[in-house]
Amino acid sequence: MSKSEQGGGVFDVIVVGGGVVGSSAAYDAASRALSCLLIEQFPAGHSRGSSHGKSRILRHMYGARDMQYAAMVPAALRLWQQLQRLSGHQLIRQVGGVFISAREEAVTANKQCLEQLGVEHEKLSSSQLSQRFPQFSIADAVQGLFEPSMCLLNADKCVQALQERFVAEGGKLLEMHPVQKLNRIPEGMEVVTASGSFRCRKLILTPGPWINNMLALLGKTRLDITVEPIDIGYYPTSKRGEAERQLVPRVILFADEHNVIPPFEYAGMTRVISVHEPTPHDPHMKGTRTREQGRHSLNPDLRDNPAEMDSWRATLDGEQENISKFIQSSLPGVSPQPAIIEKCMYSVSADAGFVLDRHPQYPEVVVGAGFSGHGFKMAPVVGQILVRLALGEQPGYDISSMNFARLAKAD
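A brief structural summary. Fair warning: this is a prediction, and the values are worked out from it, not measured in the lab.

### Digging into the nonpolar core
Argument step 1. Formed by 53 residues in total, the largest nonpolar core has its most connected members in Met72, Trp80, Ile204, Leu356 and Val382.
Argument step 2. Contributing elements (two or more residues each) for this core: β1 (10-16), α2 (20-31), β2 (36-39), α3 (67-70), α4 (73-87), β8 (151-153), α7 (155-168) and α11 (379-390).
Argument step 3. No other element matches the eight residues that α11 contributes to this core.
Argument step 4. Apart from residues lying up to four places away in sequence, Trp80 is in contact with Val20, Leu58, Leu91, Ile92, Leu153, Cys158, Leu162, Phe376, Lys377, Ala379 and Pro380.

Pasting the structure below:
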């Protein structure tokens, strides 16, 4: 007999959305001996949302003004390491990473952040950068910070490990169960799917790009979050000679407008993506997109529909052109034309900050949303925070800026 059946068919917690954040919350709930149901609308391991793929960057650099976010990273890394030990999967690959910028204030802000966290780092001049990292072409005006602890997370395996541990702790995972209705009941909340209804005392919503679809089931309040499509390109070694192979990136490069991930997902393929949005409150990470460009929020159910993508095509093509120019100027060992392009979606809030809060009209409902392309690495900590909020506990972190009200809009 399951724990929920022992409690009369009412789960302590239901989590809707089985991406990295929802899976983290579900695992935390189950590990606390709470009866928990995790509902995912697609098959486990799907590539329809924002948690798939083989690599996400885990960095401590956030700029001195974003310490609310940076403060979560050390604990998140420890939790990923713990999960790696428990699961037996290799989830983490520590490769080190470099932040470079021609703007002194950007380098200084990230240096201050690392100092506050007590994270090992080294400030490097342009000549030192060129000598240490010949795989990057460094302009004379550029300075850099080397963070040896920067690492890559295997995204697919991270989600898989979280769900496996969740089930091992007694949790129940329901795949391919789209949610149709959310109802308030005396015990708490009822979640209705095509194959049945499930009751819970507390409900955690982490549906990623579908957040406003879920909120619409609770009323007219939605969040100022834009769903944006992302093209993720993988670029082969430019030539096949030994000299060129020596110039393939071996560490992460974190620049003002681009991230470079060394070959990890596909043999010999360097991943290069645009930094699409500034991090919360941090003007030092400029990004390549602005909300003033007038694109509509993508319907996540129509991600592959050409008509739905029309307003985004020029942006995506322009970003690809920009990346190719960046590769030509900065990555001598990499071809500027992608061999593979994969699809992803970001849920970008109006200020690029998270929402970690109770629903204003439904205190039994907790919302985790708006992770804006920088939330994966903190997922284990965010999952803990969401469960604590659901149980009426202190979150353990300063999340005052991550409130629901600041982004709430009425339809």
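### So, the packing of aromatic side chains
Argument step 1. In the structure shown here, the tally under the stated rule is nine aromatic pairs.
Argument step 2. Seen from their ring centres, Tyr234 and Tyr266 are 4.9 Å apart, and the 80 degrees between their planes marks the pair as edge-to-face. In this pair, Tyr234 sits in strand β14 (residues 225-236) while Tyr266 sits in the loop between β16 (258-261) and β17 (269-274), placing the two residues 32 residues apart along the sequence.
Argument step 3. By relative accessible area, Tyr266 is classed as partly exposed at 29%.
Argument step 4. Aromatic pair Phe354 and Phe371: ring centres 4.9 Å apart, planes at 65 degrees, arrangement edge-to-face. Highlighted residues: Phe354 in the loop between β18 (340-349) and β19 (355-358) and Phe371 in the loop between β20 (365-369) and α11, separated in sequence by 17 residues.
Argument step 5. The exposure class of Phe354 is buried, given its relative accessible area of 0%.
Argument step 6. Taken together, the ring pairs connect Tyr62, Tyr69, Phe354 and Phe371 into an aromatic cluster.

### Structural notes on the layout of surface pockets
Argument step 1. In this model, the second largest pocket occupies a volume close to 220 Å³.
Argument step 2. Forming the walls of the second largest pocket are 14 residues, and the residues nearest its centre are Ile100, Val142, Ala255, Phe326 and Ser330.
Argument step 3. Those elements that provide at least two residues to the lining of the second largest pocket are β5 (97-101) and α10 (306-330).
Argument step 4. When its residues are assigned to classes, the lining of the second largest pocket shows seven nonpolar, four polar and three charged.

### Quick word on the pairing of β5
Argument step 1. Taken across its five residues, β5 has five buried, putting it largely inside the fold.
Argument step 2. What you see with β5 is no split at all: Gly97, Phe99 and Ser101 on one side and Val98 and Ile100 on the other are buried throughout.
Argument step 3. Sheet topology note: the β5/strand β15 (residues 252-254) ladder contains three bridges and is parallel. By the bridge assignment for β15, Phe99 is matched with Phe254.

What counts, and where the lines are drawn
Residues numbered from 1 in each chain as written. Predicted model: local features only at pLDDT ≥ 70, side-chain atom pairs only at ≥ 80, totals over all residues. Heavy atoms only, no water. Core = buried A, V, L, I, M, F, W, Y, C linked by side-chain atoms within 4.5 Å. Buried < 20%, exposed > 50% of the residue type's maximum accessible area, 1.4 Å probe, protein only. Helix = DSSP H or I, 4+ residues; strand = E, 2+ residues; numbered from the N terminus. Contact = heavy atoms within 4.5 Å. Phe/Tyr/Trp six-rings, centres within 6.5 Å; stacked < 30°, edge-to-face > 60°. 1 Å grid on protein atoms, 1.4 Å probe; cavity = no way out; pocket = protein on both sides within 12 Å on 5 of 7 lines; lining within 4 Å. Points joined across faces, edges and corners; volume = space filled by probe spheres on them. Nonpolar A, V, L, I, M, F, W, Y, C, P; charged D, E, K, R; others polar. Pairing = 2+ DSSP bridges.

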